[in-house]
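A look at the structure
One-letter residues, chain by chain:
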Amino acid sequence: MAIRKIAQVGHPVLRQVARPVTREELATPSMQRFIDDLIETMHDADGAGLAAIQIYEPVQICAIEVRDNPRYPYKPPIPLTVLVNPVLTPLGDEQFDNYEGCLSVPNLRGVVKRHVHLHVHAWDRHGNVIDEDVAGLKAGTYQHEVDHLLGKVFLDRVTDPTTLTTWTEFERHHKAAFVARVTALVARVGS
Ligand code: NI
């Protein structure tokens, strides 16, 4: 396993549209090693998610995991999940304001509208079908990662640029109100 370099905003790879992965390709040792590297790189960077395109491989694979993390103490845990060829379908019209950051956008956060309820269809790393509904902050994380596979970063979805903030100023000026809002969301929708 190896820790890979994470592409930073401005690098054209982040604007590519990732290609689907075939079942045959997914089963190869080299693709399985790549997924190990994706996970190891996400852990090393203390991220809640990482898309393959962020480590310069434009394939439709992303990893998501929320453990006890001092960066996101308000996020309920998400077990390690690898999504291959994910397709997200919003369920209903409800959206929430999520304060997002990204390992490819250093030291910046901003408010992005995300669907509260989603259906997810994907494969796991072994090609087993994932077919589930997700909600709340977890749904926000899924949308952020799948956006990467479509060549988008969260900055594209920040509709009010005055919400942009460094991590230090987020902690000082925005975190308390955001945590109060999302704590209520988590209590209502369960994640
Ligand atoms: Ni990101």
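Report on the accompanying structure. Per chain, residues are indexed from 1 in the order of the written sequence. Thresholds applied to this predicted model are a pLDDT of at least 70 for local features of residues and 80 or more for the giving and counting of side-chain atom pairs; totals over whole chains, interfaces and linings are not thresholded and use all residues. Each side-chain value is derived from all of the structure's non-hydrogen atoms; neither hydrogens nor water enter the calculation.

1. Considering the pairing of strand S2 (residues 61–66)
Each residue is placed in one exposure class: buried if its accessible area under a 1.4 Å probe, protein chains only, is under 20% of its type's maximum, exposed if it is over 50%, and partly exposed if it falls in between. In this description a helix means any DSSP run of H or I spanning at least four residues, a strand means any run of E spanning at least two, and both kinds are numbered starting from the N terminus. Judged by how many residues are buried, S2 sits mostly within the fold: six of six residues are covered. Going residue by residue along S2, you find Ile61, Ala63 and Glu65 tucked away on one face and Cys62, Ile64 and Val66 tucked away on the opposite face as well. Here, any two strands with at least 2 DSSP bridges between them count as paired. Bridge analysis of strand S1 (residues 49–51) against S2 gives three bridges, and the strand direction is antiparallel. Bridge assignment links Leu50 to a residue of S2, and that residue is Ala63. With five bridges connecting them, S2 and strand S3 (residues 78–90) associate as antiparallel partners. Of the residues in S3, the one forming a bridge with Cys62 is Leu83.

2. Comments concerning the sheet that holds S3
In a beta sheet, neighbouring strands are held together by backbone hydrogen bonds and run either parallel or antiparallel to one another. Ordered by their spatial adjacency, five strands build an open sheet running S1-S2-S3-S6-S7, and the pairing between neighbours is antiparallel. Only two strands of the sheet have a single partner each, and these edge strands are S1 and strand S7 (129–135). On average, each strand axis in the sheet is inclined to that of its neighbour by 40°, with strand direction left out of account. Set on the sheet, helix H3 (residues 136–149) makes contact with S1, S2, S3, strand S6 (117–123) and S7; between it and S7 the angle comes to about 125°. Angles shown run from 0 to 180 degrees and are taken between the N-to-C directions of axes, each axis being a line fitted to C-alpha atoms and, for helices, limited to the stretch in contact. We call two residues in contact when some of their heavy atoms are within 4.5 Å.

3. Remarks on the coordination of the nickel ion
For Na, K and Ca the donor cutoff is 3.2 Å, while for all other metals N, O and S atoms must lie within 2.8 Å; water is not among the atoms, so some sites may look incomplete. The coordination sphere of the nickel ion, as far as protein atoms go, consists of Cys102 (SG), His144 (NE2) and His148 (NE2), spread over 2.1 to 2.3 Å. We note that the donor set of the nickel ion lies within a single chain, spaced as C-x41-H-x3-H. Of this pair, His144 and His148 both sit in helix H3, separated by four residues, roughly a single helical turn.

4. A word on the pattern of salt bridges
Any Lys or Arg side-chain nitrogen located within 4 Å of an Asp or Glu carboxyl oxygen qualifies as a salt bridge. Under the defined criterion, the tally for this structure stands at twelve salt bridges. Of the charged contacts, one joins Arg125 and Asp36 as a salt bridge, the two residues approaching to 2.9 Å between their closest N and O atoms. Remark: Asp36 occurs in helix H2 (residues 29–44) and Arg125 occurs in the loop between S6 and S7; sequence separation between them is 89 residues. Taking the relative accessible area as the measure of exposure, Asp36 reaches 24% and is therefore partly exposed. Measuring nitrogen to oxygen at the nearest pair gives 3.0 Å for the salt bridge that ties Arg114 to Asp147. Of this pair, Arg114 sits in strand S5 (residues 105–115) while Asp147 sits in helix H3, and the two are 33 residues apart along the sequence. For the pair Arg114 and Asp147, a shared accessibility class is recorded, and that class is buried. In this structure, a network of salt bridges that share partners links the residues Glu100, Arg114, Asp147 and Arg157.

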